[in-house]
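# Examination of the molecular architecture
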Amino acid sequence: MLAYFKERQPQILLYKEKLEKNNMVIDKTNLLFLNLILNILNYLGTENPQKLDELCEYNVLTMRQEFENIIYSDAVNEKAESVLLTFFLRIAKEMEIKHKRIENEDLQKLFTLLTSKDFKLPSYIKDQKSFALENMPDNIKRMLYMKS
């Protein structure tokens with residue numbers, strides 16, 4: 001398993017502060033998602049890094065470049081938030097697949113919202129949602145099988 005989070009946790013928390021200070025909230029929905037993003041960034045920046053490495057292994061392997069492009073940048077726009085929401089949705093799904101539950105309350109809430117039929121999602125997130133819910137489970141199961 002790749003050691004990933006320990007070295008990046010300080011940068012995750014720095015990015016969280018930057019996003020918190022420089023975001024643009026235009027309505028209650030934006031505020032809801034911003035607060036979830038900030039809480040999840042705090043979780044990823046403070047949780048036991050070895051635990052996160054195991055819980056998020058597949059998504060670190062497949063989406064870490066996109067995540068790093070955000071946390072190592074000054075981007076606090078809608079596209080940056082969409083990438084983070086996608087990464088977090090996929091992490092939640094990975095937890096559900098591996099452990100039959102999503103262990104973080106904010107990840108669970110985000111997962112519930114993004115998989116709800118009531119939310120109209122941008123096409124980027126909608127495509128990733130379809131991937132996470134349809135293809136990712138088999139990919140993770142295959143990865144775990146190959147590791148054993």
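These lines cover the structure that appears in this document, whether it is placed above or below. (Residues numbered from 1 in each chain as written. Predicted model: local features only at pLDDT ≥ 70, side-chain atom pairs only at ≥ 80, totals over all residues. Heavy atoms only, no water.)

Attention now moves to unusual backbone geometry. With the exception of glycine, the majority of residues adopt a negative phi angle, and the majority of peptide bonds are in the trans configuration. The backbone phi angle of Lys-100 is positive, close to 65 degrees, even though this residue is not glycine. Summarising the element assignment, Lys-100 is placed in the loop between helix H5 (78-99) and helix H6 (105-114). (Helix = DSSP H or I, 4+ residues; strand = E, 2+ residues; numbered from the N terminus.)

Formed by 39 residues in total, the largest nonpolar core has its most connected members in Tyr-15, Leu-41, Leu-44, Phe-67, Phe-88 and Leu-107. Taken together, the elements giving at least two residues each to this core come down to helix H1 (5-22), helix H2 (28-46), helix H3 (49-55), helix H4 (57-71), H5 and H6. Sorting elements by how many residues they give to this core places H5 first, with 10 residues. Leaving out residues up to four positions away in the same chain, Leu-44 has contacts with Phe-5, Gln-9, Ile-12, Leu-52, Phe-67, Phe-88 and Ile-91. (Core = buried A, V, L, I, M, F, W, Y, C linked by side-chain atoms within 4.5 Å. Buried < 20%, exposed > 50% of the residue type's maximum accessible area, 1.4 Å probe, protein only. Contact = heavy atoms within 4.5 Å.)

Turning next to the packing of H1 against H4. Running from amino to carboxyl end, H1 crosses H4 at an angle of 35 degrees, the nearest separation of the two axes being 11 Å. Of the two possible hands of crossing, H1 and H4 adopt the one that is left-handed. Across from Phe-5, Arg-8, Gln-11, Ile-12 and Tyr-15 in H1, the residues of H4 making contact are Val-60, Phe-67, Glu-68, Ile-70 and Ile-71. The class makeup of the residues in the contact of H1 with H4 is seven nonpolar, one polar and two charged. (Axes fitted to C-alpha atoms, helices over the stretch in contact; angles between N-to-C directions. Left-handed = near helix turned anticlockwise from the far one by under 90°. Nonpolar A, V, L, I, M, F, W, Y, C, P; charged D, E, K, R; others polar.)

In the structure shown here, the tally under the stated rule is nine salt bridges. The salt bridge involving Lys-18 is made with Asp-74; its shortest N-O contact spans 3.0 Å. A residue pair is termed long-range when its members are at least 10 positions apart, and Lys-18 in helix H1 and Asp-74 in the loop between H4 and H5 qualify at 56 residues. Looking at Asp-74, the relative accessible area reads 62%, which means it is exposed. Here Glu-103 ties to Lys-51 by a salt bridge, and the two come within 2.9 Å at their closest N and O atoms. (Salt bridge = Lys/Arg side-chain N within 4 Å of Asp/Glu carboxyl O.)

Next up on the list: the packing of aromatic side chains. With the rule as written, the count across this model stands at three aromatic pairs. With a centroid separation of 5.1 Å and 85 degrees between ring planes, the pair formed by Tyr-4 and Phe-5 is classed as edge-to-face. For Phe-5, a relative accessible area of 0% translates into the label buried. Each ring, one from Phe-67 and one from Phe-87, has its centre 4.4 Å from the other, and the planes form 20 degrees; the classification is stacked. Taken together, the residues span a long stretch of sequence, with Phe-67 in helix H4 and Phe-87 in helix H5 at a distance of 20 residues. You'll find Phe-67 and Phe-87 in the same group, each marked buried. Members of the aromatic cluster, connected to one another through ring pairs, are Phe-67, Phe-87 and Phe-88. (Phe/Tyr/Trp six-rings, centres within 6.5 Å; stacked < 30°, edge-to-face > 60°.)

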